[in-house]
Amino acid sequence: MGDYRTDDVEREFATKELKMLSECLSMGGDRKSWLIFAASLNHGDEIIKAAESMGVTCRFIRGDTPAQQRDKWIQEFKRGEIRALVNYGVLTTGFDAPNIDFIALMRSTKSRILFEQMLSLIHI
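Procedures and definitions
Residues numbered from 1 in each chain as written. Predicted model: local features only at pLDDT ≥ 70, side-chain atom pairs only at ≥ 80, totals over all residues. Heavy atoms only, no water. Helix = DSSP H or I, 4+ residues; strand = E, 2+ residues; numbered from the N terminus. Contact = heavy atoms within 4.5 Å. Areas by Shrake-Rupley, 256 points an atom, 1.4 Å probe, with all protein chains shown as cover. Salt bridge = Lys/Arg side-chain N within 4 Å of Asp/Glu carboxyl O. Buried < 20%, exposed > 50% of the residue type's maximum accessible area, 1.4 Å probe, protein only. Pairing = 2+ DSSP bridges. Axes fitted to C-alpha atoms, helices over the stretch in contact; angles between N-to-C directions. Right-handed = clockwise from strand over helix to strand, strands pointing away.

Novice: Residue-level account of the overall build of the chain, with values.
Specialist: Tallying secondary structure elements over the chain gives five helices and four strands in all. Going residue by residue from the N terminus, the α and β elements of the chain occur as α-α-β-α-β-α-β-β-α. Partitioning the intrachain contacts of the chain with sequence separation of at least 6 by distance along the chain shows that 68% fall at a separation of at least 24. When the accessible surface of the chain is summed, it comes to about 7,100 Å², and 52% of that surface belongs to carbon and sulfur atoms.

Novice: Let's hear about the pattern of salt bridges: which residues, and what values?
Specialist: Taken as a whole and judged by the stated rule, the model has six salt bridges. One salt bridge connects Asp-64 with Arg-62, and the closest N-O pair in it is separated by 2.7 Å. On the basis of relative accessibility, which here comes to 19%, the residue Arg-62 falls in the buried class. When the shortest N-O distance is used, the salt bridge between Glu-81 and Arg-79 registers 2.7 Å. Taking relative accessible area as the criterion, Glu-81 reaches 46% and is therefore assigned partly exposed.

Novice: Outline the sheet that holds strand β2 (residues 58-61), listing residues and values.
Specialist: Read from one edge to the other, the open sheet built from four strands follows the order β2-β3-β1-β4, with strand pairing classed as parallel. With partners counted over all chains shown, the strands left at the sheet margins are β2 and β4 (102-105), one partner each. Across the sheet, the axes of successive neighbouring strands diverge by a mean angle of 20 degrees, strand direction being ignored. Most of the contacts of helix α3 (residues 41-53) go to β2, to which it runs at about 170 degrees, and overall it touches β1 (34-37), β2 and β3 (84-87).

Novice: Describe the pairing of β3, with residues and values.
Specialist: The alternating pattern of β3 places Ala-84 and Val-86 and Leu-85 and Asn-87 on opposite faces, both of which are buried. Relative to β3, β1 is paired through four bridges, and the arrangement is parallel. Looking across to β3, one finds that Ile-36 is bridged to Val-86. Both β2 and β3 contribute to a ladder of four bridges, which runs parallel. Of the residues in β3, the one forming a bridge with Phe-60 is Val-86. The β-α-β motif built from β2, the intervening helix α4 (residues 67-78) and the parallel element β3 has right-handed crossover chirality.

So yeah, pure geometry; function would need other evidence.
The following block contains the structure:
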């Protein structure tokens, strides 16, 4: 389908969550609202564990997250009650959160369109 295989990307990023989140804290420590793109569902789960171990309030929104729960977390994120939202293949087209001031692409893509969609979520 013109992109990397999920299992290959997951393998590449596996076990690097703590290092990547440490870099996020170093580079975006003063940033309030992070949007993190995970490489897979398993990778998103690992990012959540790593973030919580570092004291970063974080929720993982995925395709099977119930709509009511998703809406609740997004509203909490927009109000600044959650510092980071992790997502896998969900928060791209049509997602608008003007408070986003830091995006972490913890995944790879060959798709220019997807890459642009992910980056377009930050309001300059």
